[in-house]
Amino acid sequence: MRMLVTGGAGFIGANFVHRTLATRPDARITVLDALTYAGTRASLAPVADRITFVHGDICDADLVNRLVAETDLVVHFAAESHNDNSLADPWPFVRTNVVGTTTLLQAVRTHDVRYHHISTDEVYGDLELDDPARFTETTPYNPSSPYSSTKASSDLLVRAWARSFGIRATISNCSNNYGPYQHVEKFIPRQITNVLTGVRPRLYGTGANVRDWIHVDDHNDAVWTIVERGELGQTYLIGADGEANNRTVVETILELCGKDPNDFDFVTDRPGHDLRYAIDSTRLRTELGWTPTYSDFRAGLTATIDWYRTNENWWRPQKDATEAVYAGTERVTGAGSRH
Ligand SMILES: NC(=O)c1ccc[n+]([C@@H]2O[C@H](COP(=O)([O-])OP(=O)(O)OC[C@H]3O[C@@H](n4cnc5c(N)ncnc54)[C@H](O)[C@@H]3O)[C@@H](O)[C@H]2O)c1
């Protein structure tokens, strides 16, 4: 199996490459990645001699066309992925997430190559905190941010190319991932690396916002399940019943690091901050037989903290620049206290 993994130097893509080589040692993987601030070849260093790495842009139609012509499967992770950045400057999101995806779709159409599209549950907008509902494959799209609206756009493009041009495509929309190799701008690694460097973690608003956490290996196993057994043209939601509010996550990280769970600050909320995400992954479980293996979020967090503790060389170069960006926008509004 020859496969092209876009965004393979980013968080989920790199974990996908590691997982694939561990479970399917015969896979011949080419990674296409532009190495933006979010991508680093260091995330692929342990498997560097087992893959082909191409430093390039998914908006480069000639390059994409040539690489797609030489592959049997495209798994498309490459994206601008951080909500906060999309509020500061939406243009890279429109370019990579919309134009880049279209470039890939045209190439898989030309060469009739199987395509799997990685997307997010954020395309569905948010739920009220006290709403028992969860997202399903039939929930209407209602994205809130430039990030989620460009991801929603890319999903709709895939559906249109499947229907109008018959491309062999599947889509997955996954909840929030955590695990190794995640950029320190993201919520869980930011809090972990703050605690590890003696800085008080920071929570938007009141910390009541709920996310539905899934370990990145469970996400990637689900992607393989869909690639191998999914129905062409269909969408599958991926989630592991991992709902937790942000405050609980920060308190747990502090506790697992041996600190006072109240030792954090609240900061001004992000504009348009989604309240709650929750995934109903019944379809993936019943039709394709997938189940998550990391059902214990606390155990997964412990392993992730250990990874960041022992891999400071990987995250240290990103840390200061990331905190400088946050320092320009965040204002402390209060200190954490036991509830
Ligand atoms: N992180 C999550 O919790 C989550 C949840 C659900 C879905 N997703 C989706 O999964 C995918 C991967 O997310 P992630 O968290 O690994 O993102 P990430 O930001 O860690 O990685 C993105 C990668 O894409 C590369 N890239 C960006 N623009 C590119 C371009 N124009 N050409 C080629 N490469 C480019 C970057 O260099 C980086 O390596 C995204 O599509 C995202 O929307 C993420």
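Rules and cut-offs
- Residues numbered from 1 in each chain as written.
- Predicted model: local features only at pLDDT ≥ 70, side-chain atom pairs only at ≥ 80, totals over all residues.
- Heavy atoms only, no water.
- UniProt positions renumbered as here; feature names shortened; annotations may be inferred.
- Helix = DSSP H or I, 4+ residues; strand = E, 2+ residues; numbered from the N terminus.
- Axes fitted to C-alpha atoms, helices over the stretch in contact; angles between N-to-C directions.
- Parallel < 35°, antiparallel > 145°, perpendicular 65-115°, else oblique.
- Left-handed = near helix turned anticlockwise from the far one by under 90°.
- Contact = heavy atoms within 4.5 Å.
- Nonpolar A, V, L, I, M, F, W, Y, C, P; charged D, E, K, R; others polar.
- Salt bridge = Lys/Arg side-chain N within 4 Å of Asp/Glu carboxyl O.
- Buried < 20%, exposed > 50% of the residue type's maximum accessible area, 1.4 Å probe, protein only.
- Near = heavy atom within 4 Å.
- Polar contact = N/O pair within 3.5 Å; in protein donor to acceptor, adjacent residues only side chain to side chain.
- Areas by Shrake-Rupley, 256 points an atom, 1.4 Å probe, with all protein chains shown as cover.
- Pairing = 2+ DSSP bridges.
- Right-handed = clockwise from strand over helix to strand, strands pointing away.

## Some remarks on the UniProt feature "domain: NAD(P)-binding" (unreviewed entry) in the protein chain
Under the UniProt annotation, "domain: NAD(P)-binding" (unreviewed entry) lies at residues 4-295. With 38% helix and 17% strand, residues 4-295 has end C-alpha atoms that lie 30 Å from one another.

## Focus on the packing of helix H6 (residues 187-196) against helix H10 (residues 297-310)
Interhelical geometry of H6 versus H10 gives an angle of 55° and a closest axis separation of 10 Å. Relative to H10, H6 is oriented oblique. Where H6 crosses over H10, the handedness of that crossing is right-handed. Listed contacts from H10 to Ile188, Pro189, Ile192, Thr193 and Leu196 of H6 are Phe297, Leu301, Thr304, Ile305, Tyr308 and Arg309. When the residues that make up the contact of H6 with H10 are grouped by side-chain class, the tally is eight nonpolar, two polar and one charged.

## Some remarks on the pattern of salt bridges
Here the idea is simple: oppositely charged side chains can pair when their charged atoms come close. Scanning all chains against the criterion turns up 20 salt bridges. One salt bridge in this structure joins Asp57 and Arg95, with 2.9 Å as the shortest N-O distance. Pair noted here: Asp57 is in the loop between strand S3 (51-55) and helix H2 (61-69) and Arg95 is in helix H4 (residues 91-111), with a separation of 38 residues, a long-range link. Residue Asp263 pairs with Arg200 through a salt bridge whose shortest N-O separation is 2.4 Å. Taken together, the residues span a long stretch of sequence, with Asp263 in the loop between helix H8 (246-256) and strand S13 (265-267) and Arg200 in the loop between H6 and strand S8 (202-204) at a distance of 63 residues. Classification of Arg200 by relative accessible area gives partly exposed; the value is 31%. Look at the salt bridges and you will find they share partners, linking Arg19, Asp217 and Asp221 into a network.

## Considering the site of the ligand
Around the ligand, 28 residues are found, and the nearest of them are Ile12, Asp33, Ser81, Tyr147 and Lys151. At 2.8 Å, a backbone N or O of Ile12 approaches an oxygen atom of the ligand. Compared with its free state, where it exposes 840 Å², the ligand has 96% of that area covered by protein. If you list the elements that add at least two residues to the shell around the ligand, you get helix H1 (11-23), strand S5 (114-120) and helix H5 (146-165). By residue number, the principal contributor to the shell around the ligand is S5, which donates three residues.

## Here we look at the pairing of strand S2 (residues 28-33)
Where burial is concerned, most of S2 is hidden: five out of the six residues are buried. Summarising the sheet, strand S1 (residues 2-6) and S2 pair through five bridges and their orientation is parallel. For Val5, the partnering residue across the bridge sits in S2 and is Val31. What joins S1 to S2 is H1, and the crossover it makes is right-handed. Here five bridges tie S2 to S3, and the two strands are oriented parallel to one another. Its bridge partner being in S3, Ile29 is matched across the sheet by Ile51.

## Section: H6
For H6, a buried count of eight out of 10 residues is recorded, marking the element as mostly surrounded by other parts of the structure. On its buried face, H6 sits against strand S7 (177-178), S8, H8, H10 and helix H11 (312-327). Gly198 sits one or two residues past H6 and shows a positive phi near 80°.

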